[in-house]
Amino acid sequence: MRRSDELDLARRALRGRDLVVFSNDWDGDPLSKVHIMRILSRENRILWVNSIGNRAPKANAHDVKRIFDKLGRFTEGVREVEPNIHVLSPLAIPFYGSELVRGANRQLLRLQVLRAMKKLGFQKPISWSFLPASAPVSGTLGEAFVIYHCVDEFAAFSDTNGRHIAELEARLLKRADLCITSAERLRENKARVNPRTVLVRHGTDFTHFVKACDPATTIPADIARLPKPIIGFFGLVADWVDQEAIIATARAHPEGSVVIIGKTTPDCDDSALRAEPNIHMLGRKPYADLPGYSKAFDVALMPFKVSELTLNANPLKVREYLASGLPVVSTDLPEVRKVGLCKIAKDTKDFVRKVDECLADKPGPNRERAERIFGESWDARVDEIRHHVGAALMADGKAL
């Protein structure tokens with residue numbers, strides 16, 4: 001068989017399939033998982049299982065609201081949110097410390113997924129997990145194939161039981177027929193457990209974010225009136241964000257504005273950011289509006305603390321900034337270096353210096369700059385995924 005025929009057969013192997021996907025809640029901002037599954041749903045049916053969580057809930061307003069939201073979605077049963085994408089919000093007992101409760105949750109989740117599969121007529125699906133928490137269930141659903149798609153070093157998150165998550169992940173890695181990773185460091189780590197591990201980096205929703213370069217795109221009022229230059233960040237404000245770098249940047253430009261778009265996680269103290277007079281916390285905004293906010297930015301920031309978590313990360317926002325045509329200043333992280341289009345800062349002073357360099361050289365959205373990331377679309381990335389999955393299915397005799 002010729003190489004081109006092998007590639008075509010591998011791609012066709014991931015068509016007309018039923019996929020059971022364990023991931024974050026569908027209703028959140030569209031992360032990498034959503035982009036990938038939206039493309040795959042053009043030729044496959046998907047049962048998206050909302051997260052049962054990697055940690056025990058806490059007695060705070062955020063977690064209580066999340067529990068009630070999940071109860072409300074559970075009563076809706078399986079709902080079709082988009083053509084070929086069906087969402088299940090499973091019920092789980094929120095007391096993760098007990099082995100007895102974990103066992104009950106495993107059976108409860110499995111029964112709920114099997115019932116949803118039966119309702120949709122799924123048989124011999126591919127289970128596709130983005131979360132270690134699915135380990136007790138993945139491989140017990142009559143699957144033809146099991147995929148672990150790892151996009152973070154989950155055991156390194158500060159709000160989880162790292163040892164328990166690592167155990168779950170090791171179990172999932174050993175069970176998986178294929179592991180897909182989004183960063184080279186992740187690939188190296190996971191390949192130690194599962195040699196059938198491949199690297200597929202994140203893509204970008206280019207056609208969406210390049211709207212920042214379009215004269216017809218409207219800049220939202222809450223950012224349009226702020227003093228220039230506008231130095232911006234969008235994403236979660238969490239404990240991995242380098243607040244010191246953001247504050248230093250704001251103080252270096254008292255004439256301008258530092259804008260933060262996104263919510264703060266419950267366990268993160270953002271009071272130091274809010275105390276700065278020219279740091280504007282605008283909160284979470286709809287995904288559809290992000291190109292308008294990006295259009296107002298002169299420079300975009302990617303300020304992460306260097307840790308085991310971030311060294312394994314492939315920040316999606318970097319490619320979204322670049323697709324918006326913006327100059328980007330980032331912490332020195334391996335995957336950002338590999339993109340090759342950002343200014344890399346080695347410390348806080350250098351971070352401020354790199355922002356100044358961007359402000360002095362074509363600040364704001366620039367179509368020519370955006371075009372440099374054009375080839376890294378999500379469609380191109382999904383083609384890579386199809387090839388890897390198809391090749392693995394063929395190797396196991398499950399391609400057709």
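Residues numbered from 1 in each chain as written. Predicted model: local features only at pLDDT ≥ 70, side-chain atom pairs only at ≥ 80, totals over all residues. Heavy atoms only, no water.

**Student:** Hey, could you run me through the pattern of salt bridges in this one?
**Tutor:** Proximity of charged atoms lets side chains of opposite charge pair with each other. According to the stated counting rule, one finds 25 salt bridges in the structure shown. Note that arginine 284 and aspartate 29 form a salt bridge whose closest N and O atoms lie 2.9 Å from each other. One end of the pair, arginine 284, is in the loop between strand 11 (279-283) and helix 11 (290-296); the other, aspartate 29, is in the loop between strand 1 (18-22) and helix 2 (32-40), and 255 residues separate them in sequence. Under the relative-accessibility criterion, aspartate 29 is labelled partly exposed at 38%. (Salt bridge = Lys/Arg side-chain N within 4 Å of Asp/Glu carboxyl O. Helix = DSSP H or I, 4+ residues; strand = E, 2+ residues; numbered from the N terminus. Buried < 20%, exposed > 50% of the residue type's maximum accessible area, 1.4 Å probe, protein only.)

**Student:** Which parts of the structure should I look at to understand the sheet that holds strand 7 (residues 178-181)?
**Tutor:** Through backbone hydrogen bonds, the strands of a sheet pair up, either in parallel or in antiparallel fashion. Judged by pairing direction, the sheet is mixed, and its eight strands sit side by side in the order 3-4-2-1-5-6-7-8 without closing on themselves. The strands lining the two open edges of the sheet, one partner per strand, are strand 3 (79-82) and strand 8 (197-199). With direction set aside, neighbouring strand axes in the sheet form an average angle of 25°. One ladder, built from four bridges, connects strand 2 (residues 45-49) with strand 4 (residues 85-88); its direction is parallel. Within the sheet, the bridge partner assigned to tryptophan 48 lies in strand 4 and is valine 87. (Pairing = 2+ DSSP bridges. Axes fitted to C-alpha atoms, helices over the stretch in contact; angles between N-to-C directions.)

**Student:** How should the side chain of histidine 149 be read in this particular structure?
**Tutor:** Among the secondary structure elements, histidine 149 is positioned in strand 6 (residues 145-150). A polar side-chain atom of histidine 149 sits 3.2 Å from a polar atom in the side chain of tryptophan 128. With residues near it in sequence (within four places) discarded, histidine 149 still touches Ile36, Trp128, Ser129, Phe130, Ile180 and Ile385. (Polar contact = N/O pair within 3.5 Å; in protein donor to acceptor, adjacent residues only side chain to side chain. Contact = heavy atoms within 4.5 Å.)

**Student:** Looking at this structure, I do not really get empty space enclosed by the protein. What am I missing?
**Tutor:** In this approach a probe as big as a water molecule rolls over the atoms, and the regions it shows empty are the leftover space. For the structure shown, the criterion picks out two cavities of 30 Å³ or more. If you add up the space inside the largest cavity, you get close to 70 Å³. In this structure, the largest cavity is lined by Phe22, Ser23, Val49, Asn50, Ser51, Ile52, Leu109, Leu131, Ala133 and Ser134. Partitioning the lining of the largest cavity into residue classes produces six nonpolar, four polar and no charged. Roughly 40 Å³ of volume is contained in the second largest cavity. Forming the boundary of the second largest cavity are Ile36, His149, Ser182, Val200, Arg201, His202, Trp378 and Ile385. Taken together, the residues of the lining of the second largest cavity sort by class into four nonpolar, three polar and one charged. (1 Å grid on protein atoms, 1.4 Å probe; cavity = no way out; pocket = protein on both sides within 12 Å on 5 of 7 lines; lining within 4 Å. Points joined across faces, edges and corners; volume = space filled by probe spheres on them. Nonpolar A, V, L, I, M, F, W, Y, C, P; charged D, E, K, R; others polar.)

**Student:** How do you make sense of the packing of aromatic side chains when you look at a structure like this?
**Tutor:** Given two aromatic rings, their pairing is described by the distance between the two centres and the angle made by the two planes. A complete count under the given rule lists seven aromatic pairs for this structure. A centroid spacing of 5.1 Å and a plane angle of 85° characterise the contact between phenylalanine 206 and phenylalanine 374, whose relative ring orientation is edge-to-face. Taken together, the residues span a long stretch of sequence, with phenylalanine 206 in helix 7 (residues 206-209) and phenylalanine 374 in the loop between helix 16 (367-371) and helix 17 (378-395) at a distance of 168 residues. A residue is classified by how much of its surface remains accessible, and phenylalanine 206, at 6% relative accessible area, is buried. Each member of the aromatic cluster is reached from another via a ring pair, and the members are Phe209, Phe234, Tyr287 and Tyr321. (Phe/Tyr/Trp six-rings, centres within 6.5 Å; stacked < 30°, edge-to-face > 60°.)

**Student:** Is there a simple way to think about helix 5 (residues 162-175) in this case?
**Tutor:** Since the α-helix packs 3.6 residues into each turn, any two residues three or four apart lie on the same face. For helix 5, which comprises 14 residues, the first-to-last C-alpha distance of 20 Å matches the rise-based estimate of 20 Å (1.5 Å per residue) to within 8%. Residues of helix 5 that are buried: His164, Ile165, Leu168, Glu169, Leu172 and Leu173. (Expected span 1.5 Å × (residues − 1).)

**Student:** Explain the environment of leucine 393 here, please?
**Tutor:** Relative to the helices and strands, leucine 393 is located in helix 17. By relative accessible area, leucine 393 is classed as buried at 0%. Taking C-alpha positions, leucine 393 is 9.2 Å from leucine 178, a pair spaced 215 residues apart along the chain.

**Student:** I would appreciate a short explanation of helix 15 (residues 348-359) in the present structure.
**Tutor:** The terminal C-alpha atoms of helix 15, which comprises twelve residues, lie 17 Å apart, in line with the 16 Å expected from a rise of 1.5 Å per residue. For helix 15, the set of buried residues is Thr348, Asp350, Phe351, Val352, Lys354, Val355 and Cys358. Measuring from the side-chain oxygen of the N-cap residue of helix 15 to the backbone nitrogen of lysine 349 gives 3.3 Å; that N-cap residue is aspartate 347.

**Student:** Is there a simple way to think about the packing of helix 2 against helix 17 in this case?
**Tutor:** Any two packed helices are characterised by the angle at which their axes cross and by the distance between the axes. Contact pair helix 2 / helix 17: the axes reach a minimum separation of 10 Å and the direction vectors enclose 75°. Here helix 17 runs roughly perpendicular to helix 2, going by the angle between their axes. Mapping the contact onto sequence places Ser32, His35, Ile36, Ile39 and Leu40 in helix 2 and Trp378, Asp379, Val382, Ile385 and Arg386 in helix 17. Residue composition of the contact of helix 2 with helix 17, by class: six nonpolar, two polar and two charged. (Parallel < 35°, antiparallel > 145°, perpendicular 65-115°, else oblique.)

**Student:** Could you clarify how one ought to interpret the sheet that holds strand 14 (residues 343-345) in this entry?
**Tutor:** Strand order in this open sheet of six strands is 11-10-9-12-13-14, and the pairing throughout is parallel. The outermost strands of the open sheet, each flanked by one partner alone, are strand 11 and strand 14. Within this sheet the neighbouring strands show an average axis-to-axis angle of 25°, counted without direction. Sheet topology note: the strand 9 (residues 230-234)/strand 10 (residues 257-261) ladder contains five bridges and is parallel. Bridge pairing in strand 10 places phenylalanine 234 opposite isoleucine 261. Running at roughly 145° to strand 10, helix 9 (residues 243-252) makes contact with strand 9, strand 10 and strand 11 of the sheet.

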